[in-house]
Amino acid sequence: DERHAARALAAEFRRHGGLAAGMETLLARAALDRLLDSHSVLYREGSLLRWSHQSIRDYLAGRFLASRLAGPEWAEALTRRNESTWRATILFTLLVASQDNPLGETELLPLGVGGESLPDDADIDLLTLLLLSDTALTSQMLEDAIDTVLFAGLAGLGDFDKCETLFRTYDHPLRQLIRLR
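Now for a quick tour of the structure.

Definitions and limits used
- The residue numbering used here restarts from 1 in each chain and proceeds along that chain's sequence as written.
- Whole-chain, interface and lining totals are the exception, using all residues; otherwise, since this is a predicted model, local features are given only for residues with pLDDT of at least 70 and side-chain atom pairs are given and counted only at 80 or more.
- With hydrogens and water excluded, all non-hydrogen atoms of the structure serve as input to the side-chain values.
- In this scheme, patches are assembled from residues that exceed 30% relative accessible area and form no salt bridge. Like charges are connected within 9 Å, while nonpolar side chains (Val, Leu, Ile, Met, Phe, Trp, Tyr) are connected within 5 Å.
- A 1.4 Å probe and the Shrake-Rupley method give the accessible areas. Residues count as covered only by the protein chains that appear here.
- Any Lys or Arg side-chain nitrogen located within 4 Å of an Asp or Glu carboxyl oxygen qualifies as a salt bridge.
- Only protein chains enter the calculation, and the probe is 1.4 Å; a residue is then buried if its accessible area is under 20% of its type maximum, exposed if over 50%, and partly exposed in between.
- Angles here are taken between N-to-C directions and fall from 0 to 180 degrees, while the axes themselves are lines fitted to C-alpha atoms, restricted in helices to the stretch in contact.
- Put simply, DSSP marks the helices as runs of H or I at least four residues long and the strands as runs of E at least two long, and each gets a number from the N terminus on.
- In these notes the angle categories are as follows: under 35 degrees is roughly parallel, over 145 is roughly antiparallel, 65 to 115 is roughly perpendicular, and the rest is oblique.
- Crossing chirality is assigned from the near helix's rotation relative to the far helix, an anticlockwise turn below a right angle marking it left-handed and a clockwise turn marking it right-handed.
- It only takes one pair of heavy atoms within 4.5 Å for two residues to be counted as in contact.
- Residues enter a nonpolar core if they are buried and are Ala, Val, Leu, Ile, Met, Phe, Trp, Tyr or Cys, with the set joined through side-chain atoms within 4.5 Å.
- Side-chain classes are defined by residue name, with Ala, Val, Leu, Ile, Met, Phe, Trp, Tyr, Cys and Pro counting as nonpolar, Asp, Glu, Lys and Arg as charged, and the others, Gly among them, as polar.

## Topic: a nonpolar patch on the surface
- Residues Leu19, Met23, Leu26 and Leu27 make up a contiguous nonpolar surface patch of about 350 Å² in total accessible area.
- Look at Leu26 and you get exposed, because its relative accessible area is 55%.

## Looking at the pattern of salt bridges
- Counted according to the given criterion, the structure contains six salt bridges.
- Residue Asp58 is joined to Arg57 by a salt bridge in which the shortest nitrogen-to-oxygen separation is 2.8 Å.
- Judged by its relative accessible area of 7%, Asp58 is buried.
- Residue Arg57 is classed as partly exposed on the basis of its relative accessible area, which comes to 27%.
- Between Glu83 and Arg80 there is a salt bridge, with the nearest N and O atoms lying 3.3 Å from each other.
- With a relative accessible area of 29%, Arg80 lands in the partly exposed category.

## So, the packing of helix 1 (residues 2-16) against helix 2 (residues 23-38)
- Axis separation between helix 1 and helix 2 bottoms out at 8 Å; the angle between their running directions is 125°. Judged by the inter-axis angle, helix 1 sits oblique to helix 2. For the crossing formed where helix 1 meets helix 2, the hand is right-handed. Within the contact between the two elements, helix 1 uses Glu2, Ala5, Ala6, Leu9, Ala10, Phe13 and Arg14 and helix 2 uses Glu24, Thr25, Leu27, Ala28, Arg29, Ala31, Leu32, Asp33 and Leu36.

## Observations concerning the nonpolar core
- Formed by 22 residues in total, the largest nonpolar core has its most connected members in Trp74, Leu94, Leu108, Leu111 and Leu130.
- Secondary-structure elements contributing two or more residues to this core are helix 3 (54-66), helix 4 (72-79), helix 5 (84-100), helix 7 (121-132) and helix 8 (139-156).
- Counting residues per element, this core draws most heavily on helix 5, at five residues.
- In this structure Leu130 touches Leu91, Leu94, Leu108, Leu111 and Thr135, once residues within four positions along its chain are discounted.
- Counting residues in each nonpolar core, the second largest holds six residues, with Leu36, Val41, Leu42 and Leu49 among its members.

## Digging into the packing of helix 3 against helix 5
- Across the interface, helix 3 lies against helix 5 with an axial gap of 7 Å and an inter-helix angle of 50°. Between helix 3 and helix 5, the angle is such that the two are oblique. Crossing handedness for the pair helix 3 and helix 5: right-handed. Across the interface between the two elements, Ser55, Arg57, Asp58, Tyr59, Ala61, Gly62, Arg63, Leu65 and Ala66 of helix 3 pack against Thr85, Trp86, Ala88, Thr89, Phe92, Thr93, Val96, Ala97 and Gln99 of helix 5.
- For the contact of helix 3 with helix 5, the class distribution of residues is nine nonpolar, six polar and three charged.

This is how it looks when you write it as structure tokens:
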């Protein structure tokens, strides 16, 4: 609801500091009113606030999580990476985080890169999207991510039905990697 959103925004302003005591609440309320008045980012639906587009929510959540990659918020987000509603947020998080420093083992090991076994299909899809985006990876992580996606694709070749389905109805990771060249 609106009060919760204003409190959360004020807490974020407090966290960044630099404002006189009590100003963060006034600034949060004014910012929220501005966002609601323009209808470009948020709108009211009864007593709830709604995002005008989910990609705005995902991007802002990704920016928030990118500043907390070592924290419990990111760990929680990673546990939900197989949920379709979290996939874009996780991609935005990794894209934003990679703007400062290329992603390495810490960020990609949870997705199965460089691990002992192949990741599941959802993580392969996520890795493929990362490879196709402008996500900066260390050279070792780039090599490991490509290997992981390739090996997962090759593992599917052992099962003809699965292989046939992948190549006919899905943009297979092998095709996506070939386009990267």
